[in-house]
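# Secondary and tertiary structure notes
Residues per chain, in single letters:
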Amino acid sequence: MRRLTALLLAGTLPFAAAAQDAASEATRTAQAEIAKRLPLDDPRDETNVLRGKLAEIPGGVILGKDGKTVWDRRPYAFLDAKAAPDTVNPSLWRQARLNAVHGLFEVVPGKIWQLRGYDISVMTIIRGKSGWIVVDPLLSEEAAAASWKLFADTVEAKSGKLPVKAVIFSHSHSDHFGGVGGIVTPEQVKKEKIRIIAPHGFSEEATSENVLAGTAMGRRALYMFGSILAPGPAGQVDTGLGPKLSSGTIGYMEPTESVAATGGTLTIDGLAFEFLDAGGTEAPSEFVFYIPAYKALHTTEVVTHTLHNVLTLRGAQVRDALHWSKVIDAALVRWGGKAEVALASHHWPTWGAGEVSSLLANQRDIYRYVHDRTLFLANRGATLHELADVTPEAPGQAADFGARGYYGTVNHDMKATYQRYFGWWDGNPANFNPLPPEASAPKYVALAGGADKLLAAGKAAIAAGDYRWAAELLNKLVFAQPDNKDARAALASAYDQMGYQAESGAWRNYYLAAAASLRGNAVESLSGNGQSRSFVSAIPTAVFFDALATRFDAAKGRAAKGTFQFMLPDSKETVAIVVGGGVEVPRYGMTDPAPTATITINRATLDDVMLGQAQFPALLQSGTIKIDGDRAAFLSWFALHPPADPRFNVVVP
């Protein structure tokens, strides 16, 4: 199983690496046009980014206990230049430079601080009556520990050491809870009665989100986050939501209490927190909260300084843009005019009651625009690609950088909203059951008069600056002839220019990573996130067996039948797996009266397997796994579960 944050080894390609293209004249013109159209010199965001800075980690370098690099901002020194190179959209360059500022920042004097720039996410520390309340302790334990040390060395060194009284997980994505082990230990939580507070449904969502589809999500995430790109003006610059993902250990701790769907007020270490449920917006389990004593609104990931993804490029279930807009409006109605600072789980704070209200209104409007324009056009016959292509940016996006598409985009979010209501099909029967790309591509090549003519047409489109058309043509040729190095090089050239022009960090990363894959110069990295035992142990047993069922090879196991009873003594759980009809059905909590075989294995041993610390053959041989009944039937069935391929091709067949 792989998390979306796993930096998997990029596939090597049998071609000599080729250099990237320079920015074309068409790209330079596009960059100049957006620079002219937007007030890129508006100083307000930079002022807010730098406000309250107290200290920083030298070089932005964080090492793990084993000496491996978890975080290093030194390769991003190129972002010190104010002027954008012609290989980066100048609006994205502005956002990347703002995200690149790292350190400890005082948000509310003596009351609230943030650690920014040491992960894709932000950690917030709030002073309670007798100690600290930590919000969203980053993705990895190493990044969180280093950030906490900076806080302790800077703030606690002056004001005195205080205990951690509570940890708040604002939502169920791992970049907001995975580093908790770098702040507190399970022993501390139990001994000191530290409260761990999360929204309702957190436990199930946090540990299950990327288990079933984790391999495919992880592979696509490499492209989306630019993890297979080297940093640089022609490479990985930023994600739009934050610099990048840290590459340490992802942990987990079970919440001690949850906030109900109705929200409400909790007193946490003497401070009143007013909660508003936001589940079903950016995450399935999420809330925002307001601290009246500090007049501070924490908008979590519901409101940040970018338009977010209604459907992330790595893959996920489509989010609800209408509900998202309504939650923001509810926050505006409830706390607009009261909140004097808004801070989030990404980016920098916004100060001033009027500014906070404007931030909320503009964010509300952009999600409503995405939703309503999609249905306005769909109800007049526009299809998924048509409606996105004819829709200009929202009126408020030109005036508010925080509503621009640095992560999500109006284009992609409208397509996602269409998908939410209508599915992937556009209603045209010609598109209902089309040939797959590998089957149709040779036919297109033949229709074009052969590979040379199609290649020439693609290159002509590139020369004309028509990169989308060039990519469509050349992708056909690459799928028909994946070993055609001229076709691959030409397609990579088209992707280069689209990546350079992209305002979205995610779009840029995906295009440029695709180009790197085609050229054979994608970065091969063995560094990445490891899951801690605390995280793996928290994956529900039922989810583990559902994930196992997705690996069942129905083509080879069409005739397989039987019932395999799993007994997990240490966790006192049972699972009966019924096999037949080309599927397997796990029945959690069931004990079959006459199973084909009974397998006795501790849940802790399953955790060892998931962590890669044990292999089933060795466990069987050692007797750690006990099999009663038809051992041969069990082994034959188990052999029908080949591992998923974490290095599958994305941009070639």
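Residues numbered from 1 in each chain as written. Predicted model: local features only at pLDDT ≥ 70, side-chain atom pairs only at ≥ 80, totals over all residues. Heavy atoms only, no water.

On to the packing of aromatic side chains. Summed over the entire model, instances satisfying the criterion amount to 36 aromatic pairs. With centroids separated by 6.4 Å and ring planes inclined at 80°, the aromatic side chains of Trp-507 and Tyr-511 adopt a geometry described as edge-to-face. Linking Trp-507 with Tyr-511, this pair stays in helix H16 (residues 505–519), spanning 4 residues, or about one helical turn. Relative accessible area serves as the criterion here: at 23%, Trp-507 is assigned to the partly exposed category. Tyr-511 gets classed as partly exposed once you look at its relative accessible area, which sits at 22%. Following the ring pairs from residue to residue traces out a cluster consisting of Phe-544, Phe-545, Phe-564, Phe-566, Phe-616, Phe-634, Trp-637 and Phe-638. Its guanidinium or amino end placed over the ring of Trp-351, Arg-51 lies 4.2 Å from that ring's centre, counting from NZ or CZ. For the cation-ring pair, Arg-380 lies above Phe-376, with the distance from its terminal atom to the ring centre recorded as 3.7 Å. (Phe/Tyr/Trp six-rings, centres within 6.5 Å; stacked < 30°, edge-to-face > 60°. Helix = DSSP H or I, 4+ residues; strand = E, 2+ residues; numbered from the N terminus. Buried < 20%, exposed > 50% of the residue type's maximum accessible area, 1.4 Å probe, protein only. Lys NZ or Arg CZ within 6 Å of the ring centre and 35° of its normal.)

Below, the discussion takes up the packing of helix H13 (residues 451–463) against helix H15 (residues 485–501). Closest axis-to-axis distance for the H13/H15 pair is 10 Å, and the angle between their directions is 20°. For the element pair H13 / H15, the angle class is roughly parallel. Note on packing geometry: the crossing formed by H13 with H15 is left-handed. Residue-level inspection shows Leu-455, Lys-459 and Ile-462 of H13 in contact with H15, the latter providing Asp-486, Ala-487, Ala-490, Ser-493 and Ala-494. Partitioned by chemical class, the residues of the contact of H13 with H15 number 5 nonpolar, 1 polar and 2 charged. (Axes fitted to C-alpha atoms, helices over the stretch in contact; angles between N-to-C directions. Parallel < 35°, antiparallel > 145°, perpendicular 65-115°, else oblique. Left-handed = near helix turned anticlockwise from the far one by under 90°. Contact = heavy atoms within 4.5 Å. Nonpolar A, V, L, I, M, F, W, Y, C, P; charged D, E, K, R; others polar.)

The subject of this paragraph is the nonpolar core. Counting residues in each nonpolar core, the largest one holds 115 residues, and the members touching the most others are Trp-148, Phe-151, Val-184, Phe-566, Phe-634 and Trp-637. Formed by 39 residues, the second largest nonpolar core is a distinct cluster that contains Leu-307, Ala-321, Leu-332 and Leu-384. (Core = buried A, V, L, I, M, F, W, Y, C linked by side-chain atoms within 4.5 Å.)

The 8 strands lie next to each other as S1-S4-S5-S6-S7-S8-S9-S11, forming an open sheet whose pairing is mixed. With one partner strand each, in any of the chains shown, strand S1 (53–55) and strand S11 (257–259) form the two edges of the open sheet. Sheet twist, expressed as the mean angle between neighbouring strand axes with direction ignored, is 25°. Sheet topology places strand S7 (residues 132–135) next to strand S8 (residues 164–168); 4 bridges connect them, and they run parallel. By the bridge assignment, Val-134 is partnered in S8 with Val-167. (Pairing = 2+ DSSP bridges.)

The next point concerns the domain arrangement of the protein. When its domains are assigned, the protein resolves into domain 1 (25–422), domain 2 (431–519) and domain 3 (540–639). Between the C-alpha centres of domain 1 and domain 3 there is a distance of 39 Å. Across the contact, 4 residues belong to domain 1 and 5 residues belong to domain 3. Regarding the contact of domain 1 and domain 3, the summed buried area is about 350 Å², with carbon and sulfur atoms giving 78% of it. By the criterion of area lost to domain 3, the three top residues of domain 1 are Ser-208, Val-211 and Leu-212, representing 84% of everything that side buries. (Domains from an automatic or database assignment. Buried area = accessible area lost by both parts, 1.4 Å probe.)

Further remarks concern empty space enclosed by the protein. In the structure shown here, the tally under the stated rule is 6 cavities of 30 Å³ or more. If you go around the second largest cavity, you meet 15 residues; those closest to its centre are Asn-99, Arg-116, Gly-117, Val-122 and His-347. (1 Å grid on protein atoms, 1.4 Å probe; cavity = no way out; pocket = protein on both sides within 12 Å on 5 of 7 lines; lining within 4 Å. Points joined across faces, edges and corners; volume = space filled by probe spheres on them.)

What follows is about the pattern of salt bridges. For the structure shown, the criterion picks out 19 salt bridges. Salt-bridge contacts for Arg-37 lead to Glu-393; the nearest nitrogen and oxygen are separated by 3.1 Å. Taken as a pair, Arg-37 in helix H1 (residues 25–37) and Glu-393 in the loop between helix H10 (384–390) and helix H11 (410–422) lie far apart in primary sequence, 356 residues in all. Residue classification places Arg-37 among the partly exposed residues on the basis of a relative accessible area of 48%. Across the pair Arg-603 and Asp-607 runs a salt bridge whose closest N-O atoms are separated by 2.8 Å. Here the residue Arg-603 and the residue Asp-607 both occupy positions in helix H19 (residues 603–610), the gap between them amounting to 4 residues, near one helical turn. Under the relative-accessibility criterion, Arg-603 is labelled buried at 8%. With relative accessibility at 4%, the residue Asp-607 sits in the buried group. (Salt bridge = Lys/Arg side-chain N within 4 Å of Asp/Glu carboxyl O.)

With that settled, the discussion passes to the environment of Arg-195. Relative to the assigned elements, Arg-195 resides in strand S9 (residues 195–199). Judged by relative accessible area, which is 23%, Arg-195 ranks as partly exposed. Each C-alpha atom of the pair Arg-195 and Val-167 lies 6.2 Å from the other, and the pair is 28 residues apart in sequence. Apart from the residues within four sequence positions on either side, Arg-195 is in contact with Lys-165, Ala-166, Val-167, Thr-256, Glu-257, Leu-266, Thr-267, Ile-268 and Asp-269.

Per-chain confidence: the protein averages 94 in pLDDT, with 96% of residues scoring 70 or above. Taken together, the stretch residues 1–16 has pLDDT below 50 and engages in 65 contacts with residues farther than four places along the chain or on a different chain. (pLDDT = per-residue confidence, 0-100.)

Attention shifts here to unusual backbone geometry. In this model, Asp-269 sits at a positive phi of 50°, which is unusual for a non-glycine residue. Among the secondary structure elements, Asp-269 is positioned in the loop between strand S12 (264–268) and strand S13 (271–277). We note that His-347 has phi near 70°; this positive angle belongs to a residue other than glycine.

Here we come to helix H7 (residues 214–224). Side chains three or four residues apart in an α-helix point the same way, a direct result of the helix having 3.6 residues per turn. In terms of burial, H7 is a largely internal element, 9 of the 11 residues being buried. Listed in full, the buried residues belonging to H7 are Gly-214, Thr-215, Met-217, Gly-218, Arg-219, Ala-221, Leu-222, Tyr-223 and Met-224. Against the buried residues of H7 lie H16. Residue Gly-226 follows H7 closely and has a positive phi angle near 70°.

Next up on the list: the pairing of strand S19 (residues 562–568). Counting buried residues along S19, 6 of its 7 residues qualify, which places the element largely inside the surrounding structure. Across 7 bridges, S19 lies against strand S20 (residues 573–580) in antiparallel orientation. Its bridge partner lying in S20, Thr-563 is registered against Val-578. In sequence, S19 turns back onto S20 through a hairpin of 4 residues, with Lys-572 there showing a positive phi of about 55°. Bridging between S19 and strand S22 (residues 597–600) involves 4 bridges; their strand directions are parallel. Bridge pairing in S22 places Phe-566 opposite Ile-599.

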